[in-house]
Amino acid sequence: MKRQCIQVEKKKGEKIRKLLMEKGWLDTSLRIVSDESYLYMPLISDFPADINKLTNELPFEVQLTEHEFETQKKPKTVEQITGHIARYEIIGSIALLDHDEVNLEKTADAIIQVHPHVKTVLAALSAVEGEFRTRRFTLIKGENTTQTLHKEYGCRYAIDMEKAYFTPRLATERSRIMEQVKDGDTVVDMFAGVGPFSILIAKKRPSCRVIAIDKNPEAVKLLRNNISLNGVTNVEAVEADVRDVIYRYAGTADHVIMNLPHTAEEFLDSAMVVAKVGSVIHYYDITPESDLYSSSLAHIESAASKAGFTIESHSTRIVRSYSPHQFNVCIEVRIT
Ligand code: SAM
């Protein structure tokens with residue numbers, strides 16, 4: 001179809017596209033056309049007359065003209081292509097298929113078709129396992145790598161999925177914790193991994209001090225890389241078993257993040273060492289639906305009372321479902 005459009009030199013195209021998007025004048029249902037030298041950006045049919053004023057004021061030349069355009073093809077969804085609800089997560093340029101995903105090849109093809117930035121599709125060969133909470137993977141399609149760069153809430157993370165734990169499924173949770181941290185607080189991230197809690201908090205609360213501890217040397221290598229990648233200067237990366245270094249930070253933390261579900265209970269004594277009076281402990285666990293919070297809360301209460309603290313208040317929530325009858329929960333306690 002013929003449509004009025006803006007003709008602009010290719011190298012200036014992105015500037016104009018952004019400008020037209022901001023103004024709401026670009027017709028995004030039509031595909032931008034290019035020839036050897038120019039781009040043609042279709043305008044909405046009722047674009048305002050003062051578009052001339054705008055184009056005249058630009059420091060480079062653009063033309064208001066007419067061109068032939070085609071409508072944008074709506075990308076199909078993975079489900080439309082495969083015919084079933086596909087389960088996967090995307091980490092940077094890697095898609096990871098869930099362990100119960102059927103027809104791996106077909107789903108991988110569909111993911112690459114729908115998400116062109118995905119260059120690798122992996123399936124896990126194991127559950128998250130061992131002290132470092134890592135997994136083994138097999139390649140289903142694309143480049144054979146477990147390394148990628150993942151963006152989340154304005155931060156960038158170098159990830160190696162085989163060497164250190166990372167899941168994008170906690171993105172909202174990390175942001176929720178960050179919102180609770182106040183300027184000037186000290187945060188101890190006891191099981192920091194590649195740094196997604198620590199770096200987000202440090203970036204959004206530059207006056208905070210964040211101590212990010214992990215025992216996995218590969219995770220800490222990536223954590224250090226991610227600290228510089230995000231230009232944060234208020235995170236101290238510590239490679240250690242948290243129990244061996246916790247006394248260095250005794251009584252300093254306003255927030256203690258305990259993101260080691262399954263075994264966090266074993267580290268509650270360390271959390272009480274580092275916690276200040278009035279601080280909040282963010283405790284993660286995997287619990288059965290028949291006992292979502294009671295047993296975990298009892299463990300926290302017992303560790304707090306052993307350390308001479310009482311629990312002033314607490315809140316509980318399901319973070320995500322873990323298996324048909326188990327949940328990843330967060331229990332937050334304020335201790336005095
Ligand atoms: N918080 C990170 C995140 O959200 O991506 C990583 C969480 S991962 C579930 C738990 C991390 O705890 C792993 O990176 C593991 O290496 C680390 N870890 C396990 N035992 C530890 C210990 N005793 N001291 C310090 N870190 C430990």
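Before any of the text, the structure's been laid out above.
Here is what the cut-offs are and how they apply
- Residues numbered from 1 in each chain as written.
- Predicted model: local features only at pLDDT ≥ 70, side-chain atom pairs only at ≥ 80, totals over all residues.
- Heavy atoms only, no water.
- Salt bridge = Lys/Arg side-chain N within 4 Å of Asp/Glu carboxyl O.
- Helix = DSSP H or I, 4+ residues; strand = E, 2+ residues; numbered from the N terminus.
- Buried < 20%, exposed > 50% of the residue type's maximum accessible area, 1.4 Å probe, protein only.
- Pairing = 2+ DSSP bridges.
- Axes fitted to C-alpha atoms, helices over the stretch in contact; angles between N-to-C directions.
- Contact = heavy atoms within 4.5 Å.
- Near = heavy atom within 4 Å.
- Polar contact = N/O pair within 3.5 Å; in protein donor to acceptor, adjacent residues only side chain to side chain.
- Nonpolar A, V, L, I, M, F, W, Y, C, P; charged D, E, K, R; others polar.

J.: Would you explain the pattern of salt bridges in this entry?
T.: Once the charged atoms of two side chains with opposite charge are near each other, the side chains can pair. Within this structure, the stated rule accounts for 22 salt bridges. With a shortest N-O distance of 2.7 Å, Glu 131 and Lys 215 are connected by a salt bridge. Taken together, the residues span a long stretch of sequence, with Glu 131 in the loop between strand 7 (120-124) and strand 8 (137-142) and Lys 215 in the loop between strand 12 (209-214) and helix 7 (217-229) at a distance of 84 residues. Of the residues examined, Lys 215 reaches a relative accessible area of 35% and is grouped as partly exposed. For Asp 160, the salt bridge goes to Lys 163, with nearest N and O atoms at 3.9 Å. Put simply, Glu 131, Lys 215, Asp 241 and Arg 243 are held in one network by salt bridges that share partners.

J.: What's the story with the sheet that holds strand 15 (residues 275-288) in this structure? I'm lost.
T.: The strands that make up a sheet are held in pairs by hydrogen bonds between backbone atoms, and each pair lies either parallel or antiparallel. Spatially, seven strands are ordered 13-12-11-14-15-17-16 in an open sheet, and the strand pairing comes out mixed. Whereas interior strands pair on both sides, the edge strands pair on one side only; in this sheet they are strand 13 (235-239) and strand 16 (311-323). Pairwise comparison of adjacent strand axes, ignoring direction, gives a mean angle of 15° for this sheet. Sheet topology places strand 12 next to strand 13; five bridges connect them, and they run parallel. Its bridge partner being in strand 13, Val 210 is matched across the sheet by Val 235. Sheet strands touched by helix 10 (residues 294-306): strand 15, strand 16 and strand 17 (326-335). Its angle to strand 17, the strand with the most contacts, is close to 30°.

J.: It is not clear to me how the site of the ligand should be interpreted in this structure. Could you clarify?
T.: The environment of the ligand is formed by 20 residues, the closest being Glu 131, Phe 191, Asp 214, Val 242 and Asn 259. The contact in question runs from a nitrogen atom of the ligand to an N or O atom on the side chain of Asp 241, over 3.2 Å. One of the side-chain nitrogen or oxygen atoms of Asn 259 is found 2.9 Å away from an oxygen atom of the ligand. Here the residues of the shell around the ligand are counted per class, giving 11 nonpolar, three polar and six charged.

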